[in-house]
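Coordinates in review
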Amino acid sequence: MKSKELYLHLGNYLLSPEIQTKLQDLDLPAISHVDLWKEQPANEKTEVAYSLPAVFIEFGNRHYTNFGVDNESESKLYITLYLEAHTWGATSLNSPQTTLEPLELFDTLQVS
């Protein structure tokens, strides 16, 4: 699958009614924006405004393995999802008001 097709498939999945319903069932906010990762939070002054929470997709390197039998090969592509939200509260384990809501969201977004 080409990167463009993968990006469109993954982005549409993240914005799908299926995922939005799962998030709603967990009292988590719906994803409002999906984009390619371009260091958006670090470039706020030049970035086009977007709604939160947002998920950004970064494609890493592809790794190919040739097995040499019947021209079989395997390709692995590493994808990183970045999440930006207004506020999640404290996520440090030593905080008296710790919230692990971001982890629940990432669990919901698991894609195999």
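Refer to the structure printed above.
The shown structure was predicted, so the numbers you read here are calculated from the model rather than taken from an experiment. (Residues numbered from 1 in each chain as written. Predicted model: local features only at pLDDT ≥ 70, side-chain atom pairs only at ≥ 80, totals over all residues. Heavy atoms only, no water.)

A short note on helix H1 (residues 3–14)
Counted only if it meets this: Each helix is a run of DSSP H or I of at least 4 residues and each strand a run of E of at least 2, with the numbering of both proceeding from the N terminus. Expected helix span is given by 1.5 Å per residue-to-residue step, counting one fewer step than there are residues. Summary of the burial criterion: residues with accessible area below 20% of their type's maximum are buried, those above 50% are exposed, and those between are partly exposed, where the area comes from a 1.4 Å probe applied to protein chains only. Think of the arc as the fan of directions from the helix axis to the C-beta atoms.
In this model, H1 (twelve residues) spans 16 Å end to end at C-alpha, consistent with the 16 Å of a helix rising 1.5 Å per residue. Every buried residue of H1 is accounted for by Leu6, Leu10, Gly11 and Leu14. Here the buried residues of H1 occupy an arc of 120 degrees about the axis, which is enough to place them on one side. Across from the buried face of H1, at angles greater than 90 degrees, the exposed residues are Lys4, His9 and Asn12.

With respect to the pattern of salt bridges
Which entries qualify depends on this criterion: Just to be clear on terms, a salt bridge is a Lys or Arg side-chain nitrogen sitting within 4 Å of an Asp or Glu carboxyl oxygen.
Evaluated as defined, the whole model comprises two salt bridges. The partner of lysine 22 in a salt bridge is glutamate 18, with the nearest N and O atoms 3.7 Å apart. Placement of both lysine 22 and glutamate 18 in helix H2 (residues 17–25) is noted, with a separation of four residues, approximately one turn of the helix. Among the residues examined, glutamate 18 registers a relative accessible area of 44% and is labelled partly exposed.

Quick look at the environment of aspartate 35
Note the following rule: Between two residues, a contact is recorded if the distance between any of their heavy atoms is within 4.5 Å.
By secondary structure assignment, the location of aspartate 35 is in strand S1 (residues 33–36). Aspartate 35 sits in the buried class, given a relative accessible area of 15%. Residues aspartate 35 and leucine 8, 27 residues apart in the sequence, show an inter-C-alpha distance of 9.8 Å. Beyond its immediate sequence surroundings of up to four residues, aspartate 35 is in contact with Tyr7, Gln40, Val55, Phe56 and Ile57.

Comments concerning the nonpolar core
The following threshold applies: Only buried residues count toward a nonpolar core, which is a set of Ala, Val, Leu, Ile, Met, Phe, Trp, Tyr and Cys residues joined through side-chain atoms within 4.5 Å.
If you look at the biggest cluster of nonpolar residues, it comprises nine residues: Leu10, Leu14, Ile19, Leu23, Leu28, Ile31, Val34, Val55 and Ile57. Of all the elements in the fold, those that place two or more residues in this core are H1, H2 and strand S2 (54–66). Other than its neighbours up to four places away in sequence, isoleucine 57 contacts Tyr7, Leu10, Gly11, Leu14, Val34, Asp35, Leu36, Trp37, Ile79, Thr80 and Leu81.

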